Structures are given as structure tokens and as C-alpha cells.
Amino acid sequence: KLSFDRLELQEDFADGLSRKTVVQSVNRVFASKDKQVKRMLYKCRDEGKVKRVKVASLPENIFVYNEEVKSDEAVKYLMEHIDYNYYVKRAYKRIAEFMYIPKLKKIIL
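Read on for an overview of the structure. (Residues numbered from 1 in each chain as written. Predicted model: local features only at pLDDT ≥ 70, side-chain atom pairs only at ≥ 80, totals over all residues. Heavy atoms only, no water.)

**As for the nonpolar core**
Here is step 1: With 11 residues, the main nonpolar core is built from Phe-4, Leu-7, Leu-9, Val-23, Met-40, Leu-41, Tyr-42, Cys-44, Val-55, Leu-58 and Ile-62.
Here is step 2: Broken down by secondary-structure element, the contributors of at least two residues to this core are β1 (6-13) and β4 (37-45).
Here is step 3: It is β4 that contributes the most residues to this core, 4 residues altogether.
Here is step 4: For Val-55, the contacting residues outside a window of four places in its chain are Leu-7, Leu-41, Tyr-42 and Lys-43.
Here is step 5: Listed in part, the 6 residues of the second largest apolar core include Phe-30, Phe-63, Tyr-65 and Ala-74. (Core = buried A, V, L, I, M, F, W, Y, C linked by side-chain atoms within 4.5 Å. Buried < 20%, exposed > 50% of the residue type's maximum accessible area, 1.4 Å probe, protein only. Helix = DSSP H or I, 4+ residues; strand = E, 2+ residues; numbered from the N terminus. Contact = heavy atoms within 4.5 Å.)

**Re the pairing of β1**
Here is step 1: Counting buried positions over the 8 residues of β1 gives 6, a clear majority of the element.
Here is step 2: Both β1 and strand β2 (residues 18-23) contribute to a ladder of 6 bridges, which runs antiparallel. When the bridges of β2 are listed, Leu-9 appears paired with Thr-21.
Here is step 3: Between the end of β1 and the start of β2, which pair antiparallel, lie 4 residues, with Gly-16 showing a positive phi angle near 100°. (Pairing = 2+ DSSP bridges.)

**Some words on the sheet that holds strand β5 (residues 51-54)**
Here is step 1: Strand order in this open sheet of 4 strands is β2-β1-β4-β5, and the pairing throughout is antiparallel. At either margin of the open sheet sits one strand with a lone partner, and together these are β2 and β5. On average, adjacent strands in this sheet sit at an angle of 35° to one another, irrespective of strand direction.
Here is step 2: Sheet analysis places β4 next to β5, joined by 4 bridges and oriented antiparallel. Paired with Cys-44 across the bridge in β5 is Arg-52. (Axes fitted to C-alpha atoms, helices over the stretch in contact; angles between N-to-C directions.)

**A short note on the pattern of salt bridges**
Here is step 1: One pass over the structure, following the stated rule, counts 9 salt bridges.
Here is step 2: Ionic pairing is found between Arg-39 and Asp-34, a salt bridge with its closest N-O pair at 3.7 Å.
Here is step 3: Its relative accessible area of 25% is what places Asp-34 among the partly exposed residues.
Here is step 4: With its nearest N and O atoms 3.7 Å apart, the salt bridge here joins Glu-97 to Arg-94. (Salt bridge = Lys/Arg side-chain N within 4 Å of Asp/Glu carboxyl O.)

Structure representation (C-alpha cells):
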């Protein structure tokens, strides 16, 4: 059995509005570079009081993309929306856990 009853995607818009949407239990989640909407995924439990917990190990802003990823349209969409700098920084942090890496220059994608 899952440790939660449902997953909710919370979207906080730049204009102050907020929206929660129930999503499926398995999702393809990417780091987002969208500055107009901040999104986060929460595990929700319905026993007694509703309990919401952020899904672990996610970036600060995400987007969910559960469609086919191999089509030309999907690749174009993903290339425009994924925050690649997040993944580069995360890779450096993970490698640095095992070995010293001198910072040679700032990488900007």
C-alpha cells in the first residue's frame, strides 16, 4: 500500500492565485525555469486531519509532463521549460560528496 492517499500539484501564480490539482500516483517531474508559476508536488493523507508533505528530493519549482517524450513537439517543449542549471548544480553537488572538484568557471546553459 502507498504511504499516501493522493498526490496534489500545487501551483502558485505570480498574481497571487493558487490552484491544487490531484494528479496520478506516478508522474514524470522536471525542474522548471518558469518564473510566473511556482509548482510543487505534495503527498496527501486523508486519515483524521488532512496531512500534506512535499515529495522529497524535488527542486523548488517543478512541472509535471506525463505525455510521450520522444516526439519532436515534446522534445521542443521540454527543452524550453526544463531548468538545466538545476541538474548541472545537482550533479556537481553529488560528485562533490565523493571527491574534490575545483570550480574552474561558472557554467551557464
